[in-house]
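# Structure assessment
The residues making up each chain are set out below.
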Amino acid sequence: MIATPDRTPLPRKFFDRPVLEVAPDLLGRILVRTTPDGPIALRLTEVEAYDGPNDPGSHAYRGRTPRNSVMFGPPGHVYVYFTYGMWFCMNLVCGPEGRASAVLLRAGEIIEGAELARARRLSARNDKELAKGPARLATALGVGRSLNGTDACASGDTPLRVLSGTPVPSDQVCKGPRTGVAGDGGNGDTHPWRYWIADDPTVSPYRAHVPRRRRS
């Protein structure tokens, strides 16, 4: 028998921990996006950790900029960025304020409001693909630049909130190199900071980093 997910919002202290503790602990939690058309709820199945000054793959590796300022805290806020000139991706800020670490939300299972997600993800062949990848996840939830800096731990009405859900047992949590990050798939400089639920069909496929070729 599957237990009913806990709908209690996660407190700020949940996020005020080292990013490598928070990231795997987010698996199985429920992200609720409130929209004018109704709520969409997603069970997190895949995430990646980015550890600020200790991590060349992090947007904050070289310090604070206008783009990454939300990453510096407080914890529990939403960091949204635009990539490839096409897509938004969302992260949850964690760690002590000023530390600039965050967890990229890579994939999830839509458990409520699937009809709203389908309307945004017309190219999805089935519901398992609605949020299978970070850009798809943000698109399905209607996440854009306006939500950058949103406090997911605020009391009262908030467009994004993370609920306790059902934490995933450690023996069902897999980890490996992050998708498309230079050095993560190589020898000696690997950061196995991608976490996912074993055998879950909504998890995105792994792709190693491919260096860009210079035009001659």
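Counting starts from 1 at the beginning of each chain's written sequence and moves along it residue by residue. Local features are withheld for residues below a pLDDT of 70 in this predicted model, meaning they are given only at 70 or higher, and side-chain atom pairs are given and counted only at 80 or more; totals for whole chains, interfaces and linings count all residues. Where side-chain values are given, they derive from all heavy atoms of the structure, hydrogens and water being excluded.

Moving on to the overall build of the chain. For the chain, the count of helices and strands is four helices and nine strands. Expected size for 216 residues packed as a compact globule is a radius of gyration near 17 Å; at 16 Å, the chain falls within 12% of this value. With respect to the three principal axes, the spread of C-alpha positions in the chain is 50 × 40 × 35 Å. Burial classification: accessible surface area is computed with a 1.4 Å probe over protein chains only, and a residue below 20% of its type maximum counts as buried, one above 50% as exposed, and the rest as partly exposed. Across the 216 residues in the chain, those meeting the buried criterion constitute 49%. Any two residues whose heavy atoms approach within 4.5 Å at even a single point are treated as in contact. Excluding contacts between residues fewer than 6 apart, the proportion of contacts in the chain whose partners are at least 24 apart in sequence is 62%. Of the roughly 11200 Å² of accessible surface on the chain, 51% is carried by carbon and sulfur atoms. His is not counted, nor are the chain ends; Lys and Arg add positive charge and Asp and Glu add negative charge. Lys charges are placed at NZ, Arg charges at CZ, Asp charges at CG and Glu charges at CD. Averaging the positions of the 29 positive and the 22 negative side-chain charges in the chain gives two centres separated by 8 Å. Helix and strand definitions follow DSSP, with helices as H or I runs of at least four residues and strands as E runs of at least two, each counted in order from the N terminus. Using C-alpha atoms as the atom set, the radius of gyration is obtained and then compared with a globule rule of 2.2 Å times the number of residues to the power 0.38. All accessible areas in this document rest on Shrake-Rupley with a 1.4 Å probe, and a residue is counted as covered only by the protein chains that are shown.

Moving on, we get to the side chain of T150. If you trace the backbone, T150 turns up in the loop between α4 (134–141) and β7 (160–165). Any pair of nitrogen or oxygen atoms within 3.5 Å is treated as a polar contact; in protein, a donor-acceptor pairing is required on top of that, and neighbouring residues in sequence qualify only through side-chain atoms on both sides. Polar side-chain contacts of T150 include one of 2.7 Å to the backbone oxygen of L147. In contact with T150, other than residues within four places in its own chain, are G76, H77, V78, T158 and P159.

Let us now look at the pattern of salt bridges. By definition here, a salt bridge exists when the distance from a side-chain nitrogen of Lys or Arg to a carboxyl oxygen of Asp or Glu is within 4 Å. All told, the structure shown has 14 salt bridges when counted by the stated rule. Close ionic contact of R43 with D200 constitutes a salt bridge, the shortest N to O distance being 3.3 Å. Taken as a pair, R43 in strand β3 (residues 38–50) and D200 in the segment after β9 (194–197) lie far apart in primary sequence, 157 residues in all. By relative accessible area, which is 24% here, R43 ends up partly exposed. With its nearest N and O atoms 2.8 Å apart, the salt bridge here joins R118 to D127. R118 gets classed as partly exposed once you look at its relative accessible area, which sits at 38%. Connected through salt bridges with shared partners, the residues E46, E48, R106 and R194 form a single ionic network.

As a further point, take the nonpolar core. Side chains of nonpolar character tend, in soluble globular proteins, to be buried together. In this text, buried Ala, Val, Leu, Ile, Met, Phe, Trp, Tyr and Cys residues form a nonpolar core when linked through side-chain atoms within 4.5 Å. One finds F15, L26, M90, V103, L105 and I110 to be the most contacted residues of the largest nonpolar core, which totals 42 residues. Broken down by element, the residue count for this core peaks at five residues, all from β3. Dropping the residues within four chain positions of it, I110 is found in contact with I40, A41, L42, A117, L130, A131 and L141.

With that settled, consider a nonpolar patch on the surface. A patch consists of residues exposed above 30% relative accessible area that lack any salt bridge, with like charges linked at up to 9 Å and nonpolar side chains (Val, Leu, Ile, Met, Phe, Trp, Tyr) linked at up to 5 Å. Where nonpolar side chains cluster on the molecular surface, the patch consists of Y84, M86 and W87 and spans about 410 Å² of accessible area. Along the chain, Y84 turns up in the loop between β4 (78–83) and β5 (87–94). Under the relative-accessibility criterion, Y84 is labelled exposed at 67%.

Most of strand β2 (residues 30–35) is tucked away: five of the six residues are buried. Paired strands are those between which DSSP finds at least two bridges. Taken together, the six bridges between β2 and β3 define a ladder with antiparallel strand orientation. By the bridge assignment, T34 is partnered in β3 with P39. The turn linking β2 back onto β3 is made up of two residues. Here β2 pairs with β7 via four bridges, running antiparallel.

A few words now on the pairing of β5. Of all the eight residues making up β5, six are buried; the element is thus mostly covered by neighbouring parts of the structure. With six bridges connecting them, β4 and β5 associate as antiparallel partners. Counterpart to T83 in the pairing with β5 is W87. Joining the antiparallel neighbours β4 and β5 is a turn of three residues, in which Y84 adopts a positive phi near 55°. Pairing geometry for β5 and strand β6 (residues 101–112), over four bridges, is antiparallel. What sits directly across from L92, in β6, is V103. Here β5 folds back onto β6, and the loop between the two strands holds six residues, one of which, G95, carries a positive phi near 80°.

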